[in-house]
Protein chains: 2
Amino acid sequence: MKSNENSDIGGHIGSYVIDGLQYANWSEKVFRQMREGGVDAVHVTIAYHELFRETVGNIEAWNRLFEAHPDLIVQARTGDDIRNARTDGRTAILFGAQTPAPIEDDIGLVEILHTLGLRFMQLSYNNQSLLATGCYEAEDRGLTRMGREVVTEMNRVGLVVDMSHSAERSTLDAIEHSIRPIAITHANPVGWHPALRNKSETVLRALTQTGGMLGFSLYPHHLQGGSDCTLQAFCAMVADTAELMGVDRIGIGSDLCQNQPDSVVQWMRVGRWTKKNDFGEGSASRPGFPPQPEFFRDNRDFPRLAAGLRSVGFSQSDIDGIMGENWLRFFDQSFVAKS
Amino acid sequence: MKSNENSDIGGHIGSYVIDGLQYANWSEKVFRQMREGGVDAVHVTIAYHELFRETVGNIEAWNRLFEAHPDLIVQARTGDDIRNARTDGRTAILFGAQTPAPIEDDIGLVEILHTLGLRFMQLSYNNQSLLATGCYEAEDRGLTRMGREVVTEMNRVGLVVDMSHSAERSTLDAIEHSIRPIAITHANPVGWHPALRNKSETVLRALTQTGGMLGFSLYPHHLQGGSDCTLQAFCAMVADTAELMGVDRIGIGSDLCQNQPDSVVQWMRVGRWTKKNDFGEGSASRPGFPPQPEFFRDNRDFPRLAAGLRSVGFSQSDIDGIMGENWLRFFDQSFVAKS
């Protein structure tokens, strides 16, 4: 892949920097901060509760961004597209959906959306979906009939199953049913911080045993101490998880929602499924986006993560893996069709 | 490209055989006949009056055909995909739309559909569209405001402007406004057979002067003598048109509608734009598909076309061009994005 000789922790010359999930209010400012932070690739959310035609509208909006900022960003469909973006000094953008709403009730849309560049899809968000159960439901009945069919189709075309917001049994079902490794693009171990969105040791073991990947979240509701979490505590958690999962099965999935108004977190949580307010991980007194921890405010702070990983004892080659090369290897295996 | 040493008129070893338009009732039988006829590539119509979501459904149906018959057909997006299909012994399938209905009122859908594989789009069918006038309208006001914008966008992404069913002034406008050569994928010179769908010398001259292509139609309503047209008369018309346009700007665009029930020709003509019946090129007494001429019944008859071209005096290299290599060269220039 790359030579480590010129490594410079977190800088452009060093590790690949790949973020396993973001949902920013995309703008030239954010893209320039990505370049400043040395970010080579980002999995961006293009849809929450949007149905197919709405998702296509979101892709159209991305196409305009690609046309407007060809010096800063480029769409990626493969690992090699990311390598080329890095050579060009651009940030590669990978599309993902946080719910299966974009495929509606139509398995044929899996291939259509893959052709349009979708590379990740969550089988469920916080609620029950047509495919699986979300982490906020009281009952988790695992993968549905359609869920099993869709996982098989996602496996065929090269669309990564993402279970970040899914409930435990559904997640274990997906890991078992999928013939390709799956991902939890943005979550942390529940033992470190008890949140419905964080994952049990059982899930993390099953994930790593099947070659899957975990992206560590920097969203305050997933962090020990919330917005007051320290870099030291975060990196110590990464080190503990590396013990559990292996240092090559982990990466970053920051869940950064930069510059988004609070109306967006409401859309994420409420969509069109209720007329009431649902505060999800927030509360009536703190309904909006929580402030980012001091050590990771935006895309310019990736070098600080790399430095933090070094300070807890990771080797340069481990840091290269966690900051991006583990994701890159996973993408190489995951995005190509299987016959 | 290819060596002519092994040329065998119309056979698999000889010319590339590329058909500039078909709308068959697709089935394994038709695909096997394509192989039998040595057909390397076909531009297939995937939509007439279908809006975007309906067109996506049609692409989904094609994806199932590709999955079911990987030994016979493969989707093509570039000229090289056609070369690879020929090497594999498969027929390459290129998508096209006969009306601009699939993009609805949304210029962003041009790039979306191109990403999904669309390579040709007519700006108007028989009626006025949002973009241009069709050949059955009494008044032709040329390209509309949106029409000019869409042609520019089609030029950018590499989607070929097809004016087969458009009215004269609109066609001349499109030829002038487009910065890339356009195509009339399926029509004949109106001087040979007076039909609203056939094209004037003015149009054919403007087309060839800008590097565009004409595909000769074998649909009986476009033929001198209709279903009784002879191979000799058809090939003599090709020779005359080669004099006018040059032998490298012409190909075949058979307009073959194999095994389609008459309800399909009604959908083509009537869509959802009228509650009455419109017989288009047919008539109340002959509302259905006319019988194919004896010399071109289906995809197995391409070798007969090649033989017919030889009999009117074309050289082998001219025949290679008309049977497919002219289209292949045009596709190489036309399908790639231009920045």
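Everything numeric here is computed off the predicted structure, so don't read it as measured data.

Conventions we followed
- Residues numbered from 1 in each chain as written.
- Chains lettered and ligands numbered in written order.
- Predicted model: local features only at pLDDT ≥ 70, side-chain atom pairs only at ≥ 80, totals over all residues.
- Helix = DSSP H or I, 4+ residues; strand = E, 2+ residues; numbered from the N terminus.
- Rg over C-alpha atoms; globule rule 2.2 N^0.38 Å.
- Core = buried A, V, L, I, M, F, W, Y, C linked by C-beta atoms within 7 Å.
- Buried ≥ 20, exposed ≤ 12 C-beta atoms within 10 Å, placed from the backbone.
- Contact = placed C-beta atoms within 7 Å.
- pLDDT = per-residue confidence, 0-100.
- Axes fitted to C-alpha atoms, helices over the stretch in contact; angles between N-to-C directions.
- Parallel < 35°, antiparallel > 145°, perpendicular 65-115°, else oblique.
- Left-handed = near helix turned anticlockwise from the far one by under 90°.
- Least-squares fit on C-alpha atoms with pLDDT ≥ 70 in both.
- Nonpolar A, V, L, I, M, F, W, Y, C, P; charged D, E, K, R; others polar.
- Pairing = 2+ DSSP bridges.
- Right-handed = clockwise from strand over helix to strand, strands pointing away.
- Arc of directions from axis to C-beta.
- Expected span 1.5 Å × (residues − 1).

### Quick notes on the overall build of chain A
In step 1: Per the secondary structure count, chain A includes 11 helices and 9 strands.
In step 2: Against the 2.2 N^0.38 benchmark of 20 Å for 339 residues, chain A shows a C-alpha radius of gyration of 18 Å, consistent with a compact globule.
In step 3: Seen through its C-alpha atoms, chain A measures out along the principal axes to roughly 50 × 40 × 40 Å.

### Structural notes on the nonpolar core
In step 1: Core analysis: the largest hydrophobic core is formed by 178 residues, its most contacted members being A:A174, A:L214, B:A174 and B:L214.
In step 2: Each residue touching A:A174, except ones within four places of it in the same chain, is listed here: A:L123, A:A132, A:L143, A:V151, A:V161, A:M163 and A:I182.

### Topic: the confidence of the model for chain A
Residues and elements named next belong to chain A.
In step 1: Looking at chain A as a whole, its pLDDT mean stands at 94, while 96% of the residues score no less than 70.
In step 2: Low pLDDT (under 50) marks residues 1–12, which in the prediction has 25 contacts with non-local residues, meaning those over four places away or in another chain.
In step 3: For this predicted complex, the interface confidence reaches an ipTM of 0.91, while the overall pTM sits at 0.93.

### Details of the packing of helix α6 (residues 168–177) of chain B against helix α7 (residues 201–209) of chain B
Packed helix pairs are specified by the crossing angle of their axes together with the interaxial distance, meaning the distance between the axes.
Residue and element names in this part refer to chain B.
In step 1: In the contact formed by α6 and α7, the axes pass within 10 Å of each other and the chain directions differ by 10 degrees. As judged from the angle between their axes, α6 and α7 are roughly parallel. Read as a crossing pair, α6 and α7 show a hand that is left-handed. Note on element contacts: α7 touches α6 through V203, A206 and L207, opposite E168, T171, L172 and I175.

### Here's the deal with the relation of the copies chain A and chain B
In step 1: Placing chain A over chain B gives an RMSD of 0.0 Å and needs a rotation angle of 180 degrees, together with 0.0 Å of translation along the axis. Taken together, these values place the two copies in the relation of a two-fold axis.
In step 2: Here 100% of the interface residues in chain A have copies in chain B that are interface residues too; the copies meet face to matching face.

### Examining the interface of chain A and chain B
In step 1: With 10 residues of chain A in contact, the opposing surface of chain B contributes 10 residues.
In step 2: With 5 residues, the top contributor of residues to the side of chain A that touches chain B is helix α2 (residues 52–68) of chain A.
In step 3: For the side of chain A that touches chain B, the class distribution of residues is 4 nonpolar, 3 polar and 3 charged.

### Some remarks on the environment of B:P70
Residues and elements named next belong to chain B.
In step 1: Examined against the element boundaries, P70 turns out to sit in the loop between α2 (52–68) and β3 (73–75).
In step 2: Judged by C-beta crowding, with 12 C-beta atoms within 10 Å, P70 ranks as exposed.
In step 3: Measuring from C-alpha to C-alpha, the distance between P70 and T91 comes to 9.9 Å, with 21 residues separating the pair along the chain.

### Let's talk about the pairing of strand β2 (residues 41–47) of chain B
All names here are of chain B.
In step 1: The buried fraction of β2 amounts to 7 of the 7 residues, a majority that puts the element mostly inside the structure.
In step 2: Where strand β1 (residues 18–22) lies against β2, 3 bridges are found, and the strand directions are parallel. Bridge assignment links Q22 to a residue of β2, and that residue is V44.
In step 3: What joins β1 to β2 is helix α1 (residues 28–36), and the crossover it makes is right-handed.
In step 4: Examined bridge by bridge, β2 and strand β4 (residues 91–97) share 6 bridges and lie parallel to one another. Bridge pairing links V42 to I93 in β4.

### Focus: the environment of A:A242
All names here are of chain A.
In step 1: When you line up the elements, A242 lands in helix α8 (residues 231–245).
In step 2: Given 19 C-beta atoms within 10 Å, A242 falls into the partly exposed group.
In step 3: Put simply, A242 and H43 are 199 residues apart on the chain and 22 Å apart in space, counted from C-alpha to C-alpha.
In step 4: Ignoring sequence-local partners within four residues, the contact set of A242 consists of V247 and I250.

### Notes on helix α3 (residues 79–88) of chain A
All names here are of chain A.
In step 1: Taken as a whole, α3 has its buried residues at G79, I82 and R86. On an axial view of α3, the arc spanned by its buried residues comes to 55 degrees, and they lie on one face. Along α3, exposed side chains directed more than 90 degrees from the buried face belong to T87 and D88.
In step 2: Contacts from the buried residues of α3 go to β2 (41–47), β4 (91–97) and α11 (316–334).
In step 3: With its phi angle positive at about 75 degrees, G89 sits one or two positions after the end of α3.

### Topic: unusual backbone geometry
Residue and element names in this part refer to chain A.
In step 1: The phi dihedral of D255 is positive, around 60 degrees, even though this residue is not glycine.
In step 2: Note that D255 resides in the loop between β9 (250–252) and α9 (262–270).
In step 3: A positive phi is found at N259, a non-glycine position, where the angle reads about 60 degrees.
In step 4: Turning to its location among the elements, N259 is positioned in the loop between β9 and α9.
In step 5: On the basis of neighbour count, N259 is assigned to the partly exposed category, with 15 C-beta atoms found within 10 Å.

### With respect to α2(A)
Working note: α-helix, 3.6 residues per turn, so residues spaced by three or four point in the same direction.
In step 1: End to end, α2(A) covers 24 Å across 17 residues, agreeing with the expected 24 Å (1.5 Å per residue, within 8%).
In step 2: Contact partners of the buried residues in α2(A): β2 and β4 of chain A together with α4 (108–115) of chain B.

### Observations concerning the environment of B:Q316
In step 1: Position of B:Q316 relative to the elements: it lies in helix α11 (residues 316–334).
In step 2: For the pair B:Q316 and B:A68, spaced 248 residues apart in sequence, the C-alpha to C-alpha distance is 36 Å.

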